[in-house]
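Examining the three-dimensional arrangement
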Amino acid sequence: MLTELELSTLADRLLVAERDRAPIPPLVESHPELAAADAYEIQLHNIRRRTAAVVGHKVGLSSRAMQQMMGVDEPDYGHLLADMRLSETIPVDVTRYCYPRVEIEVAFLLGADLPGEDCTEADVVAATEAYAPSIELIDSRILDWRISLADTIADNASSAGFVVGAARVPPSDVDVRFIDAVLYRGTEVVAQGRSDAVLGNPVTAVAWLARTVARFGVRLRAGHLILPGACARAVDTRPGDEFRASFTGLGDVSLSFVGG
């Protein structure tokens, strides 16, 4: 376990890296003993310093495709803040980020609080008000995406932004395990997958998240948006890109980029 001073110092480094868009070497290079629990304390330290409200949570690296792409073997987890919310109609400036990428996810909108350490999949389904189509914008403040699990957890699970489409589909209307998702850049298909790429069932990921963060006094609350993980690999973004994600039973969501 790192000392409070070490945790605070590493949190400061990540905060400055995000502010200045100046990625830093992996934290585990200077602190090889950095564990996931330490990393989440670093994340929480920076979340408490943000003025934007917490509007949800995310699971990342929950598919084999993403774990292989990033070189890790288990999921990470982070917070979603109000100032991360993006619009389908306002292009995103890529110069605000270090290494922006997009990925497609089935979003969960909670209508009730979830239990903590004893949360089950049945609890998640009962508490979910609706599913919705979403695109998550991820970014890394770690140099060249050279992340370990501890690095990405400390870096708020590489969170950067999210956009949610208009559809709101009750859990009773769709089997969330079998939603096909396709990501288009313009007219070109650049990624595709199915929702069961997320731990076999995205509900499983949300229940895992509720149990995991409860150890740190964090709860998933009514009104929160939960992103359970990507259905397919992440795709790099470039100025001028126009993405559209299409989900069977949920409809579409789009996100575009500008900058130079």
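Note that the structure is predicted; figures quoted are calculated from it, not measured.

Looking at the overall build of the protein chain
Scanning the protein chain from N- to C-terminus turns up seven helices and twelve strands. By the compact-globule yardstick of 18 Å for 260 residues, the protein chain fits well, its C-alpha radius of gyration being 17 Å. For the C-alpha atoms alone, the extent of the protein chain along its principal axes is close to 50 × 45 × 35 Å. Counting every position in the protein chain, which comprises 260 residues, the buried fraction comes to 55%. Look at the contacts in the protein chain between residues 6 or more apart in sequence, and 76% of them connect residues 24 or more apart. Just so you have it, the protein chain exposes about 10500 Å², and 50% of that area is on carbon and sulfur atoms. Taking the average location of the 24 positive side-chain charges in the protein chain and that of its 37 negative ones, the two points are 2 Å from each other.

Some details on unusual backbone geometry
Working note: non-glycine residues mostly have negative phi, and peptide bonds are mostly trans. Of note in this structure, W145 is not a glycine but carries a positive phi near 60°. The exposure class assigned to W145 is buried, which follows from its relative accessible area of 9%. Positioned with a positive phi, S158 is a non-glycine residue whose angle comes to about 60°. For S158, the position within the fold is in the loop between α6 (149-154) and β6 (159-164).

Focus on helix α3 (residues 36-49)
Here α3 contains 14 residues, and its C-alpha end-to-end distance of 20 Å stays within 8% of the 20 Å for a straight helix at 1.5 Å per residue. Regarding α3, the residues found buried are D38, A39, Y40, I42, Q43, L44, N46 and I47. The elements touched by buried residues of α3 are α1 (4-20), β1 (54-60), β2 (76-81), α6 and α7 (202-214).

Here we look at the pairing of β1
For β1, the buried fraction is high: six of the seven residues fall into the buried class. Here β1 runs beside β2; their pairing, made up of six bridges, is antiparallel. Residue pairing in the sheet places V54 in a bridge with L81 of β2. In the sheet, β1 pairs with strand β9 (residues 225-227) via three bridges, with the strands oriented parallel. When the sheet's bridge partners are listed, K58 is paired in β9 with L227.

A short note on the sheet that holds strand β8 (residues 188-194)
Ordered by their spatial adjacency, five strands build an open sheet running β3-β12-β11-β7-β8, and the pairing between neighbours is mixed. Looking along the sheet, the strands with just one partner apiece sit at the ends: β3 (92-93) and β8. Judged from the five bridges that link them, strand β7 (residues 180-185) and strand β11 (residues 242-247) form a sheet pairing that is antiparallel. Across the sheet, residue R185 finds its bridge partner in β11, namely F243.

Re the packing of aromatic side chains
Inspection of every chain in the model, using the stated rule, returns five aromatic pairs. On the numbers, 5.6 Å between centres and 65° between planes, the contact of Y77 with W208 is edge-to-face. Highlighted residues: Y77 in strand β2 and W208 in helix α7, separated in sequence by 131 residues. Judged by centre distance (6.0 Å) and plane angle (85°), the rings of F243 and F257 are edge-to-face. Placement of F243 in strand β11 and of F257 in strand β12 (residues 251-258) is noted, with a sequence separation of 14 residues between them. Ring-pair connections join several aromatic residues into one group, and the members of that group are Y40, Y77, W208 and F216. Sitting above the plane of the Y184 ring, R244 keeps its charged end 4.3 Å from the centroid.

Some details on the environment of G78
Within the element layout of this structure, G78 appears in strand β2. Judged by relative accessible area, G78 falls into the buried class, the value being 3%. Along the backbone, G78 and Q67 are eleven residues apart, and their C-alpha atoms lie at a distance of 16 Å. Beyond its immediate stretch of four places on either side in the chain, G78 contacts Q43, H57, K58, N156 and A157.

Parameters at a glance
Residues numbered from 1 in each chain as written. Predicted model: local features only at pLDDT ≥ 70, side-chain atom pairs only at ≥ 80, totals over all residues. Heavy atoms only, no water. Helix = DSSP H or I, 4+ residues; strand = E, 2+ residues; numbered from the N terminus. Rg over C-alpha atoms; globule rule 2.2 N^0.38 Å. Buried < 20%, exposed > 50% of the residue type's maximum accessible area, 1.4 Å probe, protein only. Contact = heavy atoms within 4.5 Å. Areas by Shrake-Rupley, 256 points an atom, 1.4 Å probe, with all protein chains shown as cover. Lys, Arg positive; Asp, Glu negative; His and termini not counted. Charge placed at Lys NZ, Arg CZ, Asp CG, Glu CD. Expected span 1.5 Å × (residues − 1). Pairing = 2+ DSSP bridges. Phe/Tyr/Trp six-rings, centres within 6.5 Å; stacked < 30°, edge-to-face > 60°. Lys NZ or Arg CZ within 6 Å of the ring centre and 35° of its normal.

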